[in-house]
Amino acid sequence: MTDTKAGTGDTTLFAQNATENLHIHNRVDFDIIASLVRPGTRVLDVGCSDGELLQLLRDTRNVDGRGVELSQSGVNQCLMRGLSVIQGDADRDLVYYPDSSFDYVVLSQTLQATLNPKKVLSELLRIGERAIVSIPNFGYWRVRGSLLFRGRMPVTKELPFSWYDTPNIHFCTIRDFVDMTEEVGATVEDAVALNRNGERMPFNLPWGMWNLLGQQAVFLLKR
């Protein structure tokens, strides 16, 4: 894999303040994801949790949104927000969706918790014309330092669980993820890496620097 990134199109003109003062977010990647979605499109949010992102997309991008969430409590919270969400498992239930049934399929901070990330990513790209995936970066320098100097599995803001109770079973780095997109035949149309302060890192940095300094990343993929 080379250290050059795919070129960007119109999607690099992110709406920096499109959702400012409309919602209070705990997840800095949500506004990035929302800026990558064209208004008025059909969106499936896989692993939508309590529906915060789906509501943001509905309210600011006027999308026709649907959600899939594993936990019943998450589904209940989504329904209370007036969202169309069903209970389902990303590893088992995506196969029931028809090809190209959505403009975008979103998987935010969930890929590392799936049993078969490569299969799940392939399903996202089959169901949607584009997929938007955000991941925590296990190659982040603080994570590396924890392993190197403390000899312990890291606990950070993006990876807040101890090793014995984490839902994350397939950790990956930004470079690992880019390699997998190539294996499934996906094109990276756009990407954003965020540092520990939630600030965007310069796009012209090579993947290796993103891999070292980025705490998390968001990818816009096309099959």
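Residues numbered from 1 in each chain as written. Predicted model: local features only at pLDDT ≥ 70, side-chain atom pairs only at ≥ 80, totals over all residues. Heavy atoms only, no water.

Where an unreviewed UniProt entry is consulted, the protein chain appears under the name Methionine biosynthesis protein MetW, with the organism given as Pseudochrobactrum asaccharolyticum.

## A look at the nonpolar core
Basically, it comes down to this: Throughout, nonpolar core names a set of buried Ala, Val, Leu, Ile, Met, Phe, Trp, Tyr and Cys residues whose side chains join them through atoms within 4.5 Å. Only protein chains enter the accessibility calculation, which uses a 1.4 Å probe; a residue is then buried when its area is under 20% of its type maximum, exposed when over 50%, and partly exposed in between. Numbering of helices and strands runs from the N terminus, with a helix taken as a DSSP run of H or I at least four residues long and a strand as a DSSP run of E at least two residues long. The contact definition used throughout considers only heavy atoms, calling two residues in contact when any of these lie within 4.5 Å.
With 33 residues, the main nonpolar core has L124, F177, F219 and L221 as its most contacted residues. Of all the secondary-structure elements, those providing two or more residues to this core are strand 1 (42–46), strand 4 (102–108), helix 5 (117–127), strand 5 (128–136), helix 7 (174–183), strand 6 (187–194), helix 8 (207–213) and strand 7 (216–222). Non-local contacts of L221, meaning those with residues more than four positions away in its chain, are made with L121, L125, E129, R130, A131, V133, F177, T181, A186, T187 and V188. Judged by nonpolar contacts, the second largest core, of 18 residues, contains F30, I33, L53 and V192.

## A closer look at the pairing of strand 7
Basically, it comes down to this: Think of it this way: DSSP has to see at least two bridges between two strands before they count as a pair.
The element strand 7 is largely enclosed, with a buried count of six among its seven residues. Examined bridge by bridge, strand 6 and strand 7 share seven bridges and lie antiparallel to one another. In the sheet register, L194 faces strand 7, and the bridge partner there is Q216.

## Considerations on the confidence of the model for the protein chain
The criterion, for reference: As a per-residue measure, pLDDT reflects the predictor's confidence and takes values from 0 up to 100.
When pLDDT is averaged along the protein chain, the result is 84, and 80% of the positions lie at 70 or above. Model confidence for the protein chain, summarised as mean pLDDT per element, is weakest for helix 6 (residues 141–150) at 75 and strongest for strand 1 at 98. Contacts of residues 7–24 to residues separated by more than four positions or lying in other chains number 26 contacts, the stretch itself having pLDDT below 50.

## A few points about the sheet that holds strand 1
Defined as follows: Axes here mean lines fitted to C-alpha atoms, for a helix over just the part in contact, with angles spanning 0 to 180 degrees between N-to-C directions.
Across the sheet, which stays open at both edges, the seven strands sit in the order 3-2-1-4-5-7-6 with mixed pairing between neighbours. The sheet terminates laterally at strand 3 (85–87) and strand 6, the two strands that pair on one side only. Within this sheet the neighbouring strands show an average axis-to-axis angle of 15°, counted without direction. Contacts between helix 3 (residues 72–80) and the sheet are confined to strand 2 (64–69) and strand 3, with strand 3 contributing the most and set at about 165° to the helix. The strands that helix 7 touches are strand 5, strand 6 and strand 7; relative to strand 7, the one it contacts most, it runs at about 10°.

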